[in-house]
Amino acid sequence: MASNALDSIIDAIRTVVDAVVSNPSPSTIGVTLLVLLLPFLALFILALSQREQPPTPPPGCRKLGLQGKSNLSDQYSKKYSRGADPSPENPWIVKALFIYPLKSCAGVELGESDVIRTGLKHDRQFTFGQYVTSLPSLDGKVESEWNFITQRTFPRLAKVETEVWIPDPEAPGHSPDAEYVKSEGCLVVRFPFSPDADFSLDGLKAYGRILAARLSGKSEPVIEFRVPFNPPKDRIKKMGYRSEKIKIWKDSPEAMNIGCEVPEDVMAKLKYTLGVTNPLSLFRIDTSKYREVFKCAPKKKDVGFQTIIGMADSYPMHILNLASIHHVSCQLPRGYSPLNALRYRANVYVTGPPSFNEDDWARARIGDCTYHISCRTTRCKLPNVDPETGLADRNEPGATMRKYRVIDKGSQSPCLGMQVTPLTEGVISVGDEIELLERGEHFFLKV
Ligand SMILES: *[C@@H]1O[C@H](CO)[C@@H](O)[C@H](O)[C@H]1NC(C)=O
(Lines give C-alpha, C1' and ligand atoms only; values in the text may rest on other atoms or scores of the structure.)
Protein backbone atom coordinates (compact mmCIF):
# COMPACT_ATOMS: atom_id res chain seq x y z
CA MET A 1 0.00 0.00 0.00
CA ALA A 2 2.76 2.37 0.97
CA SER A 3 4.56 1.80 -2.29
CA ASN A 4 1.28 2.49 -4.20
CA ALA A 5 1.07 5.78 -2.38
CA LEU A 6 4.63 6.47 -3.37
CA ASP A 7 3.85 5.61 -6.99
CA SER A 8 0.95 8.01 -7.07
CA ILE A 9 3.10 10.78 -5.60
CA ILE A 10 5.73 10.16 -8.26
CA ASP A 11 2.99 10.11 -10.94
CA ALA A 12 1.62 13.39 -9.70
CA ILE A 13 5.06 14.97 -9.76
CA ARG A 14 5.61 13.67 -13.27
CA THR A 15 2.28 15.07 -14.50
CA VAL A 16 3.12 18.48 -13.11
CA VAL A 17 6.66 18.46 -14.49
CA ASP A 18 5.29 17.49 -17.92
CA ALA A 19 2.80 20.33 -17.73
CA VAL A 20 5.54 22.82 -16.90
CA VAL A 21 7.79 21.60 -19.67
CA SER A 22 5.04 21.84 -22.27
CA ASN A 23 3.68 25.15 -20.97
CA PRO A 24 6.15 27.11 -18.86
CA SER A 25 4.47 30.01 -17.06
CA PRO A 26 4.95 31.57 -13.62
CA SER A 27 1.85 29.89 -12.19
CA THR A 28 2.71 26.37 -13.39
CA ILE A 29 6.26 26.80 -12.09
CA GLY A 30 4.83 27.90 -8.73
CA VAL A 31 2.59 24.83 -8.57
CA THR A 32 5.54 22.62 -9.47
CA LEU A 33 7.66 24.01 -6.69
CA LEU A 34 4.83 23.49 -4.24
CA VAL A 35 4.30 19.90 -5.35
CA LEU A 36 8.02 19.20 -5.12
CA LEU A 37 8.20 20.71 -1.67
CA LEU A 38 5.15 18.93 -0.30
CA PRO A 39 6.84 15.59 0.45
CA PHE A 40 9.55 17.40 2.39
CA LEU A 41 6.96 19.37 4.30
CA ALA A 42 5.10 16.14 5.08
CA LEU A 43 8.31 14.49 6.27
CA PHE A 44 9.11 17.50 8.44
CA ILE A 45 5.70 17.34 10.10
CA LEU A 46 6.14 13.59 10.54
CA ALA A 47 9.50 14.25 12.17
CA LEU A 48 7.99 16.76 14.56
CA SER A 49 5.27 14.27 15.47
CA GLN A 50 7.92 11.63 16.26
CA ARG A 51 9.89 13.87 18.60
CA GLU A 52 10.57 11.98 21.79
CA GLN A 53 9.14 13.40 24.97
CA PRO A 54 11.68 13.23 27.77
CA PRO A 55 10.76 10.24 29.96
CA THR A 56 9.26 11.00 33.36
CA PRO A 57 11.86 10.95 36.15
CA PRO A 58 11.88 7.85 38.37
CA PRO A 59 9.30 8.65 41.11
CA GLY A 60 10.79 9.61 44.47
CA CYS A 61 14.31 10.05 43.13
CA ARG A 62 16.69 12.78 42.06
CA LYS A 63 19.50 12.57 39.56
CA LEU A 64 22.95 12.21 41.02
CA GLY A 65 25.68 14.36 39.58
CA LEU A 66 27.26 17.71 38.94
CA GLN A 67 24.90 20.52 37.98
CA GLY A 68 26.48 22.87 35.48
CA LYS A 69 29.39 22.44 33.16
CA SER A 70 32.09 19.83 33.56
CA ASN A 71 35.02 20.59 35.82
CA LEU A 72 37.16 19.25 32.99
CA SER A 73 35.79 21.76 30.46
CA ASP A 74 39.08 23.70 30.63
CA GLN A 75 41.28 20.59 30.83
CA TYR A 76 43.30 21.55 27.73
CA SER A 77 44.42 24.87 29.22
CA LYS A 78 48.22 25.08 29.26
CA LYS A 79 48.17 26.05 32.92
CA TYR A 80 47.44 22.41 33.81
CA SER A 81 50.51 21.15 31.95
CA ARG A 82 52.91 22.67 34.46
CA GLY A 83 52.93 21.81 38.10
CA ALA A 84 55.14 22.34 41.11
CA ASP A 85 55.46 21.56 44.79
CA PRO A 86 52.27 22.37 46.64
CA SER A 87 52.00 26.05 47.66
CA PRO A 88 49.25 28.65 47.99
CA GLU A 89 49.92 29.66 44.36
CA ASN A 90 49.94 26.04 43.22
CA PRO A 91 47.62 24.00 45.40
CA TRP A 92 47.33 20.29 44.68
CA ILE A 93 43.62 19.77 44.36
CA VAL A 94 40.89 17.48 43.11
CA LYS A 95 39.90 18.88 39.73
CA ALA A 96 37.06 16.52 38.82
CA LEU A 97 35.30 13.36 40.00
CA PHE A 98 33.69 10.61 37.94
CA ILE A 99 31.89 7.35 38.53
CA TYR A 100 31.17 4.65 35.95
CA PRO A 101 28.18 2.82 37.42
CA LEU A 102 28.03 0.52 34.39
CA LYS A 103 31.49 -0.77 33.57
CA SER A 104 33.03 0.47 30.31
CA CYS A 105 30.12 2.81 29.56
CA ALA A 106 30.07 6.61 29.74
CA GLY A 107 30.61 8.00 33.24
CA VAL A 108 28.73 10.35 35.51
CA GLU A 109 30.49 13.46 36.77
CA LEU A 110 30.09 14.38 40.42
CA GLY A 111 30.88 17.41 42.55
CA GLU A 112 31.41 15.22 45.59
CA SER A 113 31.09 11.58 46.46
CA ASP A 114 30.89 9.24 49.38
CA VAL A 115 33.99 7.10 49.64
CA ILE A 116 33.33 3.55 50.77
CA ARG A 117 35.44 0.39 50.91
CA THR A 118 34.81 -0.39 47.24
CA GLY A 119 35.79 3.14 46.14
CA LEU A 120 33.44 5.93 45.12
CA LYS A 121 29.88 5.00 45.98
CA HIS A 122 27.86 3.81 42.93
CA ASP A 123 31.03 3.22 40.89
CA ARG A 124 31.24 0.05 38.78
CA GLN A 125 28.33 -1.85 40.27
CA PHE A 126 27.12 -3.22 36.92
CA THR A 127 28.62 -4.74 33.82
CA PHE A 128 27.36 -6.17 30.56
CA GLY A 129 28.37 -9.75 29.91
CA GLN A 130 28.26 -11.94 26.82
CA TYR A 131 27.91 -15.69 26.79
CA VAL A 132 31.00 -17.17 25.20
CA THR A 133 31.71 -20.73 24.20
CA SER A 134 35.33 -21.82 24.29
CA LEU A 135 37.15 -23.70 21.53
CA PRO A 136 36.93 -27.45 22.13
CA SER A 137 39.62 -28.83 24.41
CA LEU A 138 41.69 -31.88 23.35
CA ASP A 139 39.02 -34.29 24.56
CA GLY A 140 36.39 -32.46 22.54
CA LYS A 141 34.65 -30.73 25.44
CA VAL A 142 33.36 -27.19 25.03
CA GLU A 143 32.43 -24.89 27.86
CA SER A 144 30.38 -21.73 27.92
CA GLU A 145 30.61 -18.88 30.38
CA TRP A 146 29.58 -15.28 30.88
CA ASN A 147 32.38 -12.89 30.09
CA PHE A 148 32.42 -9.13 30.77
CA ILE A 149 32.65 -6.85 27.74
CA THR A 150 34.66 -3.63 27.41
CA GLN A 151 35.35 -0.85 24.94
CA ARG A 152 38.50 -2.64 23.85
CA THR A 153 36.39 -5.02 21.78
CA PHE A 154 33.12 -3.07 21.69
CA PRO A 155 34.12 0.62 21.39
CA ARG A 156 30.50 1.68 20.90
CA LEU A 157 30.03 1.09 24.65
CA ALA A 158 31.42 4.62 24.92
CA LYS A 159 28.11 5.80 23.46
CA VAL A 160 26.08 4.09 26.18
CA GLU A 161 25.17 6.78 28.70
CA THR A 162 24.27 6.16 32.30
CA GLU A 163 22.53 8.10 35.04
CA VAL A 164 22.11 7.26 38.70
CA TRP A 165 18.90 8.37 40.40
CA ILE A 166 18.83 8.17 44.17
CA PRO A 167 15.90 8.35 46.60
CA ASP A 168 15.16 11.86 47.83
CA PRO A 169 12.28 12.66 50.22
CA GLU A 170 11.89 16.01 48.43
CA ALA A 171 11.43 14.42 44.99
CA PRO A 172 7.92 14.10 43.50
CA GLY A 173 6.32 10.73 44.12
CA HIS A 174 8.49 9.88 47.11
CA SER A 175 7.14 7.19 49.41
CA PRO A 176 8.87 4.42 51.31
CA ASP A 177 7.12 1.88 49.07
CA ALA A 178 7.98 3.49 45.73
CA GLU A 179 9.76 0.91 43.62
CA TYR A 180 12.99 2.83 43.18
CA VAL A 181 12.99 4.14 46.75
CA LYS A 182 13.07 0.55 47.97
CA SER A 183 15.93 -0.27 45.61
CA GLU A 184 18.19 2.65 46.64
CA GLY A 185 17.40 4.35 43.35
CA CYS A 186 17.82 3.22 39.80
CA LEU A 187 20.32 3.07 37.00
CA VAL A 188 19.17 4.68 33.76
CA VAL A 189 20.89 3.39 30.64
CA ARG A 190 20.57 5.17 27.30
CA PHE A 191 22.01 4.16 23.95
CA PRO A 192 21.78 5.37 20.35
CA PHE A 193 19.78 3.31 17.91
CA SER A 194 18.69 4.23 14.39
CA PRO A 195 15.62 2.22 13.36
CA ASP A 196 15.40 1.00 9.76
CA ALA A 197 13.89 3.65 7.53
CA ASP A 198 12.09 2.75 4.29
CA PHE A 199 8.88 3.71 2.50
CA SER A 200 6.54 1.65 4.66
CA LEU A 201 4.53 3.59 7.23
CA ASP A 202 6.74 2.30 10.09
CA GLY A 203 9.79 3.04 8.00
CA LEU A 204 8.66 6.62 7.42
CA LYS A 205 7.95 7.04 11.11
CA ALA A 206 11.42 5.66 11.81
CA TYR A 207 12.79 8.23 9.39
CA GLY A 208 10.79 10.85 11.29
CA ARG A 209 12.44 9.71 14.55
CA ILE A 210 15.90 9.97 13.03
CA LEU A 211 15.11 13.42 11.63
CA ALA A 212 13.61 14.52 14.95
CA ALA A 213 16.77 13.42 16.75
CA ARG A 214 18.91 15.41 14.29
CA LEU A 215 16.70 18.46 14.69
CA SER A 216 17.19 18.30 18.46
CA GLY A 217 20.96 18.14 18.04
CA LYS A 218 21.54 14.41 18.64
CA SER A 219 23.20 12.26 16.01
CA GLU A 220 20.75 9.37 16.48
CA PRO A 221 17.52 8.55 18.31
CA VAL A 222 18.10 7.06 21.76
CA ILE A 223 16.54 4.18 23.63
CA GLU A 224 16.41 4.08 27.39
CA PHE A 225 15.86 1.46 30.06
CA ARG A 226 15.96 1.50 33.84
CA VAL A 227 16.98 -1.08 36.36
CA PRO A 228 16.75 -0.96 40.16
CA PHE A 229 20.07 0.14 41.64
CA ASN A 230 20.13 -2.27 44.51
CA PRO A 231 17.20 -4.65 44.08
CA PRO A 232 15.59 -5.63 47.40
CA LYS A 233 14.92 -9.29 48.21
CA ASP A 234 11.29 -9.29 47.07
CA ARG A 235 12.30 -7.92 43.67
CA ILE A 236 15.08 -10.49 43.32
CA LYS A 237 12.53 -13.21 44.03
CA LYS A 238 9.75 -11.82 41.85
CA MET A 239 12.02 -11.36 38.83
CA GLY A 240 13.84 -14.62 39.45
CA TYR A 241 17.36 -13.26 39.00
CA ARG A 242 19.93 -15.98 38.72
CA SER A 243 23.18 -15.87 40.55
CA GLU A 244 25.83 -16.65 37.94
CA LYS A 245 29.56 -16.48 37.55
CA ILE A 246 30.80 -13.71 35.31
CA LYS A 247 34.39 -13.60 34.21
CA ILE A 248 36.22 -10.29 34.72
CA TRP A 249 39.84 -10.70 33.72
CA LYS A 250 41.05 -13.56 35.93
CA ASP A 251 38.23 -13.25 38.42
CA SER A 252 34.88 -15.01 38.23
CA PRO A 253 32.65 -13.55 40.91
CA GLU A 254 29.12 -14.80 41.34
CA ALA A 255 26.92 -11.86 40.41
CA MET A 256 23.21 -11.28 39.83
CA ASN A 257 22.14 -11.76 36.24
CA ILE A 258 19.51 -9.02 35.96
CA GLY A 259 19.10 -9.23 32.17
CA CYS A 260 15.40 -9.96 32.74
CA GLU A 261 15.00 -6.30 33.78
CA VAL A 262 15.75 -5.24 30.20
CA PRO A 263 12.88 -5.78 27.72
CA GLU A 264 13.86 -8.30 25.03
CA ASP A 265 13.43 -5.94 22.07
CA VAL A 266 15.53 -3.31 23.84
CA MET A 267 18.31 -5.84 24.47
CA ALA A 268 18.19 -6.85 20.79
CA LYS A 269 18.61 -3.22 19.73
CA LEU A 270 21.43 -2.73 22.20
CA LYS A 271 23.24 -5.74 20.75
CA TYR A 272 22.85 -4.22 17.29
CA THR A 273 24.22 -0.87 18.46
CA LEU A 274 27.20 -2.48 20.17
CA GLY A 275 27.87 -5.12 17.53
CA VAL A 276 27.50 -7.99 20.01
CA THR A 277 26.35 -11.24 18.40
CA ASN A 278 26.55 -13.56 21.40
CA PRO A 279 23.80 -13.65 24.03
CA LEU A 280 24.10 -10.43 26.06
CA SER A 281 23.00 -9.75 29.61
CA LEU A 282 23.35 -7.24 32.41
CA PHE A 283 24.99 -8.16 35.71
CA ARG A 284 25.01 -6.52 39.09
CA ILE A 285 27.68 -7.25 41.65
CA ASP A 286 26.16 -9.04 44.62
CA THR A 287 26.86 -6.67 47.52
CA SER A 288 27.40 -9.68 49.77
CA LYS A 289 29.95 -11.08 47.32
CA TYR A 290 32.30 -8.24 46.52
CA ARG A 291 35.60 -9.31 44.97
CA GLU A 292 38.60 -9.37 47.27
CA VAL A 293 41.80 -7.73 46.05
CA PHE A 294 45.24 -8.94 47.11
CA LYS A 295 48.18 -8.12 44.81
CA CYS A 296 49.39 -4.62 45.81
CA ALA A 297 46.44 -3.77 48.06
CA PRO A 298 47.25 -3.00 51.70
CA LYS A 299 47.68 -6.10 53.86
CA LYS A 300 44.79 -7.03 56.09
CA LYS A 301 47.15 -7.51 59.03
CA ASP A 302 48.30 -3.90 58.61
CA VAL A 303 45.01 -2.12 58.01
CA GLY A 304 42.42 -4.45 59.52
CA PHE A 305 40.36 -5.09 56.39
CA GLN A 306 40.67 -6.84 53.05
CA THR A 307 40.31 -4.55 50.03
CA ILE A 308 37.13 -5.23 48.04
CA ILE A 309 35.77 -4.05 44.69
CA GLY A 310 32.64 -4.32 42.56
CA MET A 311 33.05 -4.63 38.79
CA ALA A 312 36.22 -2.47 38.64
CA ASP A 313 39.23 -3.89 36.79
CA SER A 314 41.53 -4.24 39.76
CA TYR A 315 41.39 -1.71 42.63
CA PRO A 316 38.74 0.48 44.26
CA MET A 317 39.79 3.81 42.77
CA HIS A 318 41.83 5.31 40.00
CA ILE A 319 43.53 8.68 40.27
CA LEU A 320 45.08 10.67 37.43
CA ASN A 321 47.15 13.85 37.21
CA LEU A 322 46.13 16.24 34.42
CA ALA A 323 49.76 17.37 33.94
CA SER A 324 50.73 13.79 33.05
CA ILE A 325 48.01 13.67 30.39
CA HIS A 326 49.28 16.97 28.99
CA HIS A 327 52.76 15.45 28.86
CA VAL A 328 51.57 12.44 26.86
CA SER A 329 49.46 14.74 24.69
CA CYS A 330 52.58 16.75 23.72
CA GLN A 331 54.41 13.60 22.57
CA LEU A 332 51.60 12.43 20.27
CA PRO A 333 51.96 12.48 16.48
CA ARG A 334 50.35 15.39 14.68
CA GLY A 335 46.59 15.36 14.63
CA TYR A 336 46.17 13.41 17.86
CA SER A 337 46.43 16.16 20.45
CA PRO A 338 44.90 17.42 22.59
CA LEU A 339 44.38 14.18 24.43
CA ASN A 340 41.06 13.97 26.25
CA ALA A 341 41.61 12.97 29.90
CA LEU A 342 38.28 11.15 29.85
CA ARG A 343 39.86 8.39 27.76
CA TYR A 344 41.55 7.12 30.90
CA ARG A 345 38.35 6.75 32.89
CA ALA A 346 39.77 7.89 36.22
CA ASN A 347 37.62 8.48 39.30
CA VAL A 348 39.71 11.38 40.57
CA TYR A 349 41.44 13.90 38.31
CA VAL A 350 43.96 16.10 40.13
CA THR A 351 45.92 19.21 39.22
CA GLY A 352 48.96 20.79 40.84
CA PRO A 353 51.64 18.09 40.85
CA PRO A 354 54.19 18.15 38.01
CA SER A 355 53.68 15.44 35.39
CA PHE A 356 54.39 11.90 36.62
CA ASN A 357 55.05 13.12 40.15
CA GLU A 358 52.42 10.58 41.19
CA ASP A 359 54.49 7.62 39.95
CA ASP A 360 55.94 7.05 43.43
CA TRP A 361 53.12 8.19 45.69
CA ALA A 362 52.43 5.71 48.48
CA ARG A 363 49.98 7.38 50.84
CA ALA A 364 47.97 10.57 50.61
CA ARG A 365 45.25 12.49 52.37
CA ILE A 366 42.53 13.98 50.19
CA GLY A 367 39.87 15.96 52.00
CA ASP A 368 39.02 13.99 55.12
CA CYS A 369 40.07 10.53 53.89
CA THR A 370 43.40 8.77 53.76
CA TYR A 371 44.37 6.67 50.78
CA HIS A 372 46.81 3.86 50.16
CA ILE A 373 48.30 4.40 46.70
CA SER A 374 48.48 0.73 45.85
CA CYS A 375 50.21 0.57 42.46
CA ARG A 376 50.57 2.16 39.05
CA THR A 377 47.85 1.74 36.46
CA THR A 378 49.02 -0.35 33.55
CA ARG A 379 47.32 0.55 30.31
CA CYS A 380 45.59 -1.64 27.78
CA LYS A 381 44.31 -0.36 24.46
CA LEU A 382 41.11 1.05 25.89
CA PRO A 383 42.31 4.69 25.89
CA ASN A 384 42.59 4.37 22.09
CA VAL A 385 38.79 4.69 22.05
CA ASP A 386 37.58 8.26 21.68
CA PRO A 387 34.93 8.68 24.40
CA GLU A 388 33.09 11.27 22.32
CA THR A 389 32.72 9.27 19.12
CA GLY A 390 33.10 5.67 20.30
CA LEU A 391 35.71 5.14 17.57
CA ALA A 392 38.88 3.17 18.30
CA ASP A 393 42.21 4.31 16.91
CA ARG A 394 44.53 1.51 15.87
CA ASN A 395 47.61 2.98 17.60
CA GLU A 396 47.30 6.12 19.64
CA PRO A 397 47.77 7.14 22.38
CA GLY A 398 48.92 3.58 23.21
CA ALA A 399 51.94 3.59 20.89
CA THR A 400 53.27 6.88 22.23
CA MET A 401 52.88 5.77 25.84
CA ARG A 402 54.67 2.54 25.00
CA LYS A 403 57.70 4.60 23.91
CA TYR A 404 58.37 6.12 27.31
CA ARG A 405 55.87 5.02 29.91
CA VAL A 406 56.85 1.37 30.38
CA ILE A 407 58.30 2.30 33.76
CA ASP A 408 57.26 -0.42 36.18
CA LYS A 409 59.57 -3.39 36.58
CA GLY A 410 56.56 -5.63 37.22
CA SER A 411 54.86 -5.00 33.88
CA GLN A 412 55.51 -4.74 30.15
CA SER A 413 52.65 -2.27 29.75
CA PRO A 414 52.85 1.51 29.76
CA CYS A 415 51.68 3.17 32.98
CA LEU A 416 49.61 6.26 33.60
CA GLY A 417 47.83 7.12 36.83
CA MET A 418 47.62 5.29 40.13
CA GLN A 419 45.41 2.60 41.64
CA VAL A 420 44.15 3.60 45.01
CA THR A 421 42.60 1.93 48.07
CA PRO A 422 40.73 4.13 50.54
CA LEU A 423 41.97 3.51 54.10
CA THR A 424 39.04 5.35 55.63
CA GLU A 425 35.47 5.98 54.58
CA GLY A 426 34.20 9.53 54.14
CA VAL A 427 33.62 12.11 51.45
CA ILE A 428 35.70 13.45 48.56
CA SER A 429 34.87 16.74 46.83
CA VAL A 430 36.04 18.75 43.86
CA GLY A 431 38.44 21.36 45.21
CA ASP A 432 39.71 19.14 48.06
CA GLU A 433 43.38 19.55 48.79
CA ILE A 434 45.80 16.68 48.35
CA GLU A 435 48.44 16.17 50.97
CA LEU A 436 51.10 13.66 50.10
CA LEU A 437 51.99 11.68 53.23
CA GLU A 438 54.51 9.21 51.90
CA ARG A 439 56.39 8.21 48.77
CA GLY A 440 57.58 4.69 48.06
CA GLU A 441 58.66 2.08 45.56
CA HIS A 442 56.10 0.41 43.34
CA PHE A 443 56.25 -2.98 41.71
CA PHE A 444 53.23 -4.11 39.73
CA LEU A 445 51.96 -7.54 40.77
CA LYS A 446 49.83 -9.36 38.18
CA VAL A 447 48.40 -11.87 40.65
C1 LIG B 1 33.14 22.47 39.30
O2 LIG B 1 31.97 22.60 38.54
C3 LIG B 1 30.86 23.17 39.23
C4 LIG B 1 29.66 23.09 38.34
O5 LIG B 1 29.93 23.51 37.02
C6 LIG B 1 31.21 24.58 39.65
O7 LIG B 1 30.13 25.16 40.38
C8 LIG B 1 32.45 24.55 40.51
O9 LIG B 1 32.85 25.87 40.83
C10 LIG B 1 33.59 23.84 39.80
N11 LIG B 1 34.68 23.71 40.76
C12 LIG B 1 35.95 23.94 40.46
C13 LIG B 1 36.93 23.78 41.56
O14 LIG B 1 36.30 24.27 39.35
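How each quantity is defined
Residues numbered from 1 in each chain as written. Predicted model: local features only at pLDDT ≥ 70, side-chain atom pairs only at ≥ 80, totals over all residues. Heavy atoms only, no water. Buried < 20%, exposed > 50% of the residue type's maximum accessible area, 1.4 Å probe, protein only. Helix = DSSP H or I, 4+ residues; strand = E, 2+ residues; numbered from the N terminus. Pairing = 2+ DSSP bridges. Right-handed = clockwise from strand over helix to strand, strands pointing away. Core = buried A, V, L, I, M, F, W, Y, C linked by side-chain atoms within 4.5 Å. Contact = heavy atoms within 4.5 Å. Axes fitted to C-alpha atoms, helices over the stretch in contact; angles between N-to-C directions. Domains from an automatic or database assignment. Buried area = accessible area lost by both parts, 1.4 Å probe. Salt bridge = Lys/Arg side-chain N within 4 Å of Asp/Glu carboxyl O. Polar contact = N/O pair within 3.5 Å; in protein donor to acceptor, adjacent residues only side chain to side chain. Nonpolar A, V, L, I, M, F, W, Y, C, P; charged D, E, K, R; others polar.

A. Main features of the pairing of strand S16 (residues 317–321). Most of S16 sits out of view: five of its five residues are buried. Of the two faces of S16, the one carrying Met317, Ile319 and Asn321 and the one carrying His318 and Leu320 are both buried. As paired strands, S16 and strand S20 (residues 415–422) are joined by three bridges and run antiparallel to one another. What sits directly across from Ile319, in S20, is Met418. Where S16 meets strand S17 (residues 348–351), three bridges bridge the pair, whose relative direction is parallel. Note on S17: the bridge partner recorded for Leu320 is Tyr349. Taken together, S16, helix H8 (residues 322–331) and S17 constitute a β-α-β crossover, and its handedness is right-handed.

B. Region of the structure containing the nonpolar core. The biggest cluster of nonpolar side chains holds 52 residues, and the ones touching the most others in it are Phe128, Phe225, Leu282, Tyr371 and Ile428. A total of four residues in this core trace back to one element, the largest contributor, which is helix H6 (residues 264–274). When residues no more than four places from it in sequence are discounted, the contact partners of Phe225 are Phe128, Leu187, Val188, Val189, Phe191, Val262, Val266 and Leu282. Formed by 18 residues, the second largest nonpolar core is a distinct cluster that contains Ile325, Val328, Leu332 and Tyr344.

C. Geometry of the sheet that holds S20. Taken in spatial order, the eight strands make up an open sheet running S3-S2-S17-S16-S20-S19-S18-S22, and their pairing is mixed. One side of each edge strand has no neighbouring strand; the edge strands of this open sheet are strand S3 (108–110) and strand S22 (434–439). Averaged over all neighbouring strand pairs, the angle between strand axes comes to 30 degrees, with direction disregarded. As paired strands, strand S2 (residues 93–99) and S17 are joined by four bridges and run antiparallel to one another. Counterpart to Val94 in the pairing with S17 is Val350. Against the sheet, H8 makes contact with S2, S16, S17 and S20, and its axis sits at roughly 60 degrees relative to S16, the strand it touches most.

D. Structural view of the domain arrangement of the chain. Structurally, the chain comprises domain 1 (2–49) and domain 2 (61–439). On a C-alpha basis, the centres of domain 1 and domain 2 stand 52 Å from each other. If you look at the interface, domain 1 gives seven residues, while domain 2 gives ten residues. Of the roughly 640 Å² buried between domain 1 and domain 2 on both sides combined, carbon and sulfur atoms contribute 88%. Linking domain 1 with domain 2 are zero salt bridges, by the criterion used here. In this structure, the connection of domain 1 to domain 2 is made through zero residue pairs in polar contact (both at pLDDT 80 or more). Among the secondary structure elements, those contributing two or more residues to the side of domain 1 that touches domain 2 are helix H1 (2–22) and helix H2 (26–49). Tallied by class, residues from the side of domain 1 that touches domain 2 come to seven nonpolar, no polar and no charged.

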